[in-house]
Amino acid sequence: MAVAPVLSVLILLPLAAAALLLLVPNRDGARDSFVRWFALGASLAEFAVTLRMWGLFDPSRPDFQLVERADWIPAFGIQYAVGVDGISLFLVILTGFLTPLALLGSWRSLQKQVKAFSIFMLLLESAMVGVFLSLDMFLFYLFWDAMLIPMYFLIGVWATSGALCLMNLL
């Protein structure tokens, strides 16, 4: 039985959702509701795929599992190589679980630039999952740097909203 490229789906799903959100016009507040629900739905779909990955994982094997490899820059020995082990398994599941919670936590407190916030959250999720699944050092470095960009904007623009969100949860 062939297994779908679950790990690539985990990396590309939030990235594709963020790209689709770029197509939503910025005209009125009614769009904010759609953007919130779409981002939440995409992050919940990501969490469902992480649970599928967990179901495919065999805890009796100590090696990397669900490995996907493709030559990327063969002249330098760089590959697109992703895999999951017992440690990264739970880090990916935790990322998939916490992203919808973060989006829900910002639901009431975040009123401006909802589209940009949602896009950056999905990009951050994609990059974090990529960091946890990378088996190639160059790919790891690429995902690590890609993770810093949305994190910079999330902290720089919405840091006060995050504090308000935390106060709402308490």
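Keep in mind the model is a prediction, meaning the values are calculated, not measured. (Residues numbered from 1 in each chain as written. Predicted model: local features only at pLDDT ≥ 70, side-chain atom pairs only at ≥ 80, totals over all residues. Heavy atoms only, no water.)

On to the overall build of the protein chain. A count of helical and extended segments in the protein chain gives five helices and two strands. Taken over 170 residues, the protein chain has a buried fraction of 40%. Here the contacts in the protein chain between residues at least 6 apart in sequence split such that 74% fall between residues at least 24 apart. When the accessible area of the protein chain is evaluated, it comes to approximately 9,600 Å², of which 71% is carbon and sulfur surface. (Helix = DSSP H or I, 4+ residues; strand = E, 2+ residues; numbered from the N terminus. Buried < 20%, exposed > 50% of the residue type's maximum accessible area, 1.4 Å probe, protein only. Contact = heavy atoms within 4.5 Å. Areas by Shrake-Rupley, 256 points an atom, 1.4 Å probe, with all protein chains shown as cover.)

What follows deals with the pairing of strand S1 (residues 65–73). Residues in a regular strand point their side chains to alternate faces of the sheet. As defined by bridge partners, S1 adjoins strand S2 (residues 78–84) across six bridges and the pair is classed as antiparallel. Residue pairing in the sheet places Arg69 in a bridge with Ala81 of S2. Where S1 hands over to S2, the hairpin turn is made up of four residues, of which Gly77 adopts a positive phi near 70 degrees. (Pairing = 2+ DSSP bridges.)

This part covers the confidence of the model for the protein chain. Per-residue confidence for the protein chain gives a mean pLDDT of 89; residues scoring 70 or more make up 89%. Here helix H5 (residues 137–169) stands out as the element of the protein chain with the lowest mean pLDDT, 81, in contrast to helix H1 (residues 6–22), whose mean of 96 is the highest. (pLDDT = per-residue confidence, 0-100.)

All chains considered together, the criterion is met by one salt bridge. The partner of Asp63 in a salt bridge is Arg61, and the shortest N-O contact between them spans 3.2 Å. A relative accessible area of 37% places Asp63 in the partly exposed class. Taking relative accessible area as the criterion, Arg61 reaches 39% and is therefore assigned partly exposed. (Salt bridge = Lys/Arg side-chain N within 4 Å of Asp/Glu carboxyl O.)

Before going further, it helps to spend a moment on the packing of aromatic side chains. On inspection of all chains with the given rule, the structure shows eight aromatic pairs. One aromatic cluster in this structure is built from Phe120, Tyr152 and Phe153. Here the basic side chain of Arg36 rests over the ring of Trp107, its NZ or CZ set 6.0 Å away from the ring centre. (Phe/Tyr/Trp six-rings, centres within 6.5 Å; stacked < 30°, edge-to-face > 60°. Lys NZ or Arg CZ within 6 Å of the ring centre and 35° of its normal.)

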